[in-house]
Amino acid sequence: MNFFDILSEIEKVDPEVYGRLDSRRSIFKHMSGVGQKLTAAALPLFVGAVFNKAYAQTPGSLAVNDVLNFALRLEYLEMYFYQQRTALTGLSSVNASALSLIATDEANHVKFLRGVLGSAAINDPTAAAFDFSGGKGTATGPFSDYRTNPVTYLALAQSFEDTGVRAYKGAAPISSVMANKTVLTAALNIHSVEARHASHIRAMRRAGANNSTPSQGVAVSPYSSAPKSWVSGTDGGGAVPGTTNAIYGAGNSSGAGTAANVTYLAEDNNVQGGVTLTTSTSPAFSGFPTTAFSEAFDEGLDVKTVATIANLFVVTGNNLFSVYL
Amino acid sequence: MSHKTLSGPQAPEANLDQPLYTPIKRRSFFMYAGATAGATALVLAGCKDDNNNMPGMVNVGTGDVGVLNYAYALEQLEADFYTQVRMGSYYTSSATAAEKQILDDLYYHEVIHRDFFKAAITAAGATPIKPLTTVYPAGTFSSKSSVLATAKAFEDLGVAAYNGAGQYITTPQYLYIAGKIVSIEARHAAIIRDLVKEGDFVGSDIVDIAGNSLEMSKAPSVVVATANTFLADGSKLNVSGLG
């Protein structure tokens, strides 16, 4: 019986196995200590005890597969949303190509996360789980013309991308994710791609859906309809003020789906790591616009707050996100 | 080589915001230049058991503080770059309104990142690395193509660097702050890439679009191999203590 072969096999379906165990080294220690005392017949009992301990849920903290499945749910939302782009009218060809590119990325993210999770992955919720009008299944929500109107569609796209960026950022410091460097690095490598998408969607909105040089639009305060490529303050409430405000607001900083010692503040936060950032913090900041200090940092969100936002686009009766509420 | 520090395109006014640093850098340059011949044997001897402290290299250190100093080093490079961009002839005479708005914001953000790290490292009871001296190829700041190509290289490098170093951070709050900054770098990178070529925000050179659509993160040793080409002798980075 090779204990480490077992661990390797488990790692294929549960990338967190080493994180669940105290550490690889401590298993070595346990094994060498007990090896002399246990007979070969008793060894399976010992192994069973190790895993019973490892798989007991830590109260208030999500296991890595829970976080990965949460990410997968968000990627499904994005994937099915971008599949709805084909009936849009009035998009420049460069903008249509960009949406195709993003659609490919989101589908790849779904595929990737399913591969990492293996049999632990949730079932495909299918397109029927979502109502991107925000109507909970009635298709008559505040974004009801999203299939054809690119202004509405891009407002939703920005909202989903910015939410995704905040979600990955907020989940990265959760202890089960930090304990698994492979998962953490993969999550970071998705996080930055979502941020690139967000930046580009914002450029498209800034210049206009039918514009062929989206990078040349000029941002206009309060940045709701002509946003910068980054969040400025709370962007005047986001793409649709009154409906999208929560995407730029504060989260919950305790309970399941939060990281230890992390405070989930609104996007206009200008205190980072205990350092208050204003024009007087450093001589080099003299004359800087006050909005620059919050713009320079994105903020994360906890799982529950993200789930609350995402749940607005799920049909009534589907628990895709409500399980986290 | 070192002479680029003195004769390169970095105008004296580029350092007006840090007047105290220039004399120190010049003095250390002459110190290293004068001591080179005699110190060669010592340098080689030092390499045998510890190449972390080679003269002329800036060692970012180890552990969480090492990662913070690594980030501080890269932010210094970016902040210095955009400081000089705004004094260069492309920005002052030919940039469009949109390009100026973007480059202004990037300048603000990177200077804020740089001085934030300096303050945060100090507040953590650790010692920030020294101010670094940069070098750029002649003419970098005079054409749109060279400014944007360099900006693209720096922003993409920054994203790949933060993503690659996240796994070395052990304190959740530090990882969270790195996450807050890397998505800004990614937002920067995307719009700069779009300025270079519309619709290139997730190019196949930085995102694995044919596979998983993950950003291709880079190890610190790979990142500094590029970063060091923009840093003068005496300011080149040693990241052997990370990871």
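Residues numbered from 1 in each chain as written. Chains lettered and ligands numbered in written order. Predicted model: local features only at pLDDT ≥ 70, side-chain atom pairs only at ≥ 80, totals over all residues. Heavy atoms only, no water.

Asker: Quick question: what am I supposed to make of the overall build of chain A here?
Answerer: When its secondary structure is counted, chain A shows 11 helices and 2 strands. When the helices and strands of chain A are placed in sequence order, the string is α-α-α-α-α-α-α-α-α-β-β-α-α. Taken across its 325 residues, chain A has 56% of its residues classed as buried. Restricting the contact set of chain A to residue pairs at least 6 apart, pairs at least 24 apart contribute 69%. (Helix = DSSP H or I, 4+ residues; strand = E, 2+ residues; numbered from the N terminus. Buried < 20%, exposed > 50% of the residue type's maximum accessible area, 1.4 Å probe, protein only. Contact = heavy atoms within 4.5 Å.)

Asker: How should I be thinking about the pattern of salt bridges in this particular structure?
Answerer: In a structure, side chains of opposite charge can pair up when their charged atoms sit close to one another. Tallied over the full model, the rule gives 17 salt bridges over all chains. Residue D162 of chain A pairs with R187 of chain B through a salt bridge whose shortest N-O separation is 2.9 Å. Separated into two different chains, D162 of chain A in helix α7 (residues 150–171) and R187 of chain B in helix α7 (residues 172–196) make up a pair that spans both. For the salt bridge of E99 of chain B with K144 of chain B, the shortest nitrogen-to-oxygen distance reads 3.0 Å. Residue E99 of chain B is found in helix α5 (residues 97–123), and its partner K144 of chain B is found in helix α6 (residues 144–165); the two are separated by 45 residues along the sequence. The class of E99 of chain B is buried, set by a relative accessible area of 1%. Residues participating in the shared-partner salt-bridge network are R196 of chain A together with D156, R193, D200, D205 and E215 of chain B. (Salt bridge = Lys/Arg side-chain N within 4 Å of Asp/Glu carboxyl O.)

Asker: Would you take a moment to explain unusual backbone geometry for this structure?
Answerer: Excluding glycine, most residues fall at negative phi; most peptide bonds, likewise, are trans. All names here are of chain A. The amide bond that connects S221 to the next residue, P222, takes the cis arrangement and shows omega of 10°. Within the fold, P222 resides in the loop between α9 (181–207) and β1 (271–272). Phi angles above zero are rare outside glycine, and Y223 is one such case at about 70°. Looking at Y223, the relative accessible area reads 13%, which means it is buried. With a phi close to 65°, N261 is a non-glycine residue in the positive phi region. Mapped onto the elements, N261 comes out in the loop between α9 and β1.

Asker: Any chance you could explain empty space enclosed by the protein here in plain terms?
Answerer: If you roll a probe as big as a water molecule over the atoms, it shows you where there is empty space left. Under the definition given, this model contains 7 cavities of 30 Å³ or more. The space that makes up the largest cavity amounts to roughly 70 Å³. Listed by contribution, the elements that provide at least two residues to the lining of the largest cavity are α5 (64–82), α7 and α11 (303–310) of chain A. By residue class, the composition of the lining of the largest cavity is 6 nonpolar, 2 polar and 1 charged. Of the pockets and cavities examined, the second largest cavity occupies roughly 50 Å³. The wall of the second largest cavity is formed by V67, Y70, A71, L74, Y162, A165, G166, I169 and A178 of chain B. Listed by contribution, the elements that provide at least two residues to the lining of the second largest cavity are α3 (63–85) and α6 of chain B. Counting residues per element, the lining of the second largest cavity draws most heavily on α3 of chain B, at 4 residues. A breakdown of the residues in the lining of the second largest cavity according to their chemical character gives 8 nonpolar, 1 polar and no charged. (1 Å grid on protein atoms, 1.4 Å probe; cavity = no way out; pocket = protein on both sides within 12 Å on 5 of 7 lines; lining within 4 Å. Points joined across faces, edges and corners; volume = space filled by probe spheres on them. Nonpolar A, V, L, I, M, F, W, Y, C, P; charged D, E, K, R; others polar.)

Asker: Is there a simple way to think about α5 of chain A in this case?
Answerer: Every α-helix winds through 3.6 residues per turn, so residues three or four apart in the chain are directed the same way. With 19 residues, α5 of chain A extends 27 Å from end C-alpha to end C-alpha; this agrees with the ideal 27 Å at 1.5 Å per step. In terms of residue burial, α5 of chain A counts as a mostly covered element, since 18 of its 19 residues are buried. (Expected span 1.5 Å × (residues − 1).)

Asker: How should the nonpolar core be read in this particular structure?
Answerer: As a rule of thumb, soluble globular proteins bury nonpolar side chains together. The biggest cluster of nonpolar side chains holds 153 residues, and the ones touching the most others in it are F130, F132 and F321 of chain A together with Y70 of chain B. When neighbours within four sequence positions are excluded, F132 of chain A is seen to be in contact with L77, Y80, F81, Q84, F143, Y146, L156, F160 and F313 of chain A. (Core = buried A, V, L, I, M, F, W, Y, C linked by side-chain atoms within 4.5 Å.)

Asker: Looking at this structure, I do not really get the packing of aromatic side chains. What am I missing?
Answerer: Any pair of aromatic rings gets described here by the distance separating the centres and the angle formed by the planes. Per the counting criterion, the structure on display carries 30 aromatic pairs over all chains. Ring centres 5.1 Å apart and planes at 70° place the aromatic pair F81 of chain A and Y82 of chain A in the edge-to-face group. Given the relative accessible area of 0%, F81 of chain A is considered buried. Chaining the aromatic ring pairs together yields one cluster made of Y76, Y80, F81, Y82, F130, F132, F143, Y146, Y153, F160 and F313 of chain A. Over the face of the ring belonging to Y91 of chain B we find K100 of chain B, whose NZ or CZ atom lies 5.1 Å from the ring centre. (Phe/Tyr/Trp six-rings, centres within 6.5 Å; stacked < 30°, edge-to-face > 60°. Lys NZ or Arg CZ within 6 Å of the ring centre and 35° of its normal.)

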